[in-house]
Amino acid sequence: MKITISKALPDFETLVVGFFEGDKLITNVLQDKQAIDNIKKFSDFNGGFGEFFSVTSSEGKNIIVAGLGMRDEWDESKGLNIGGKIYCELSRLRIKRAAISIEGNAANVAYGAFLRSFKFDKYKTKKDEKVTEVEEITVLTKDEQFSSAEKSFERLRQEGEGIFLARTLTIEPPNVLYPESYADYIKTELTKLGLEIEVLGKKQMEEKKMGALLGVAQGSSKEPKLVVIKWNGAFKEQKPVAFVGKGITFDTGGVSLKPSRGMESMKYDMAGSATVVGVMRTLAGRKAKVNAVGVVALAENAVDGNAQRPSDVVTSMSGQTIEVLNTDAEGRLILADALWYTQDRFAPKFMIDLATLTGAIVVALGNNEYAGLFSNNDELANHLIDVGNEVNEKLWRFPMNETYNKIIDSPIADVQNIAPAGSGGDSIMAAQFLQRFVNDTCWAHLDIAGTAWHEKGTDISPRGAVGFGVRLLNKLVEKYYEINN
């Protein structure tokens, strides 16, 4: 879909205008008394946020009035959401081309429509003839705001492309997206944008003694991969920021087999890695003035005669031994080696890992509202909470301390990958496990198990993969860590 910012009203049959609740007049470009009088006749439309009303102007133009809610509650988030709602309304009405005139930030409205336009239908062999695709949207802005709005939207669009990439990767079926094909895709697509890509295979992992990651993968015919993505947008001497993603391309649970009901959703157990890929694409697309590295650990947790068993002991890259008591607690195992590799090789300014790590985080926070945040650094945690609230990808911080940490001590190894039965606090225990592999590096862990996928969809995301974390981490870099800040 084509979306543009413009100063001039295009020759489209449909115009969308905004109306604040309680206002007396529809302003912007609509100066049609007949249309305004027609709206006033219908008392059930009062401009509530997300309400729509259609009238015909005296010139025969289709006017869609979008309710914007109360004027004093209008903000950037509302602008983004109304853009998404307008896209859905145009799609529902089967309108191909429309202009939008909404008071406020034109770039945000355009971006909301852009984000909601995402579709994944590559495996559909027949087109639904009842669906008319929205082909073109023009968002109007004032002359004096045109240049800044156009630049702002282009910057946002680059972020949107990163979100679309993350969504696409998460939705792909596991027979198409597995460690080798995933690594090839990253290399093919991101190299075009100037990102440097390295792919470590099984042999290199064995040389680096990544026993935790290799142990998870040993039950699958698919060879694991560790992909390193580098963006150099600042001075060579600047320490990079680092993002690490869990990439379990399908999770059967291994020998600790998951129930069959709902197992099909385990294709998105790689959503954390997809976010990392999307963030790195975003930074390159907007030429961010920062050095950044993304590391994604890719494996399939399958079960065969060679699969890892509960009670196995593996040696991680750090040299720490791990007693594997549950093969379905595999995400923390691959992240253990990925985190150690990242902090050991790059000595980053900070590391943030993202993972659909625990079902317990959904029990604690529910679906779709908050992701879990765990960190060894208050400043980084506060920055993440701040930008999460700003872009509406909200985080809730959980406690970590030595009392929790001691619970996962193993009687026969350095650490065990789950706490003893009845300990509770499973999400905290998983984070405490990860912390053992970061030394003193500034680090945060985001458990996105409840926010990576949305069954109903949102104003700016259709049902399915959300791409949660791309906006959050891009804003974090932009606000706090780029060299011009």
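As annotated in an unreviewed UniProt entry, the protein chain carries the name Probable cytosol aminopeptidase and comes from Wolbachia endosymbiont of Ephestia elutella. Taken verbatim from the UniProt record of the protein chain, the Function (unreviewed entry) comment is "Presumably involved in the processing and regular turnover of intracellular proteins. Catalyzes the removal of unsubstituted N-terminal amino acids from various peptides."

1. Comments concerning the overall build of the protein chain
Across its full length, the protein chain carries 14 helices and 19 strands. Relative to the globule expectation of 23 Å for 485 residues, the C-alpha radius of gyration of the protein chain, 24 Å, shows essentially globular dimensions. If you line up the protein chain on its principal axes, its C-alpha atoms span 80 × 50 × 40 Å. In the protein chain, which comprises 485 residues, the share counted as buried stands at 58%. Considering only residue pairs separated by 6 or more positions, the protein chain has 79% of its internal contacts joining residues 24 or more positions apart. When the accessible area of the protein chain is evaluated, it comes to approximately 20,900 Å², of which 47% is carbon and sulfur surface. Positive and negative side-chain charges in the protein chain, numbering 58 and 65 respectively, have mean positions lying 3 Å apart.

2. Let's talk about the sheet that holds strand β1 (residues 2-6)
Taken in spatial order, the 6 strands make up an open sheet running β1-β6-β5-β2-β4-β3, and their pairing is mixed. If you trace the sheet from one side to the other, it starts and ends with β1 and β3 (52-56), each paired once. Shown here is a sheet whose adjacent strand axes are inclined to one another by a mean of 25°, direction ignored. Of the strand pairs in this sheet, strand β2 (residues 14-19) and strand β5 (residues 97-101) are connected by 3 bridges, and their pairing is parallel. Bridging from a neighbouring strand, L15 pairs with A99 of β5. Contacting β2, β3, β4 (62-67), β5 and β6 (136-140), helix α2 (residues 76-92) runs over the sheet at an angle of about 140° to β4.

Conventions used here
- Residues numbered from 1 in each chain as written.
- Predicted model: local features only at pLDDT ≥ 70, side-chain atom pairs only at ≥ 80, totals over all residues.
- Heavy atoms only, no water.
- UniProt positions renumbered as here; feature names shortened; annotations may be inferred.
- Helix = DSSP H or I, 4+ residues; strand = E, 2+ residues; numbered from the N terminus.
- Rg over C-alpha atoms; globule rule 2.2 N^0.38 Å.
- Buried < 20%, exposed > 50% of the residue type's maximum accessible area, 1.4 Å probe, protein only.
- Contact = heavy atoms within 4.5 Å.
- Areas by Shrake-Rupley, 256 points an atom, 1.4 Å probe, with all protein chains shown as cover.
- Lys, Arg positive; Asp, Glu negative; His and termini not counted.
- Charge placed at Lys NZ, Arg CZ, Asp CG, Glu CD.
- Pairing = 2+ DSSP bridges.
- Axes fitted to C-alpha atoms, helices over the stretch in contact; angles between N-to-C directions.

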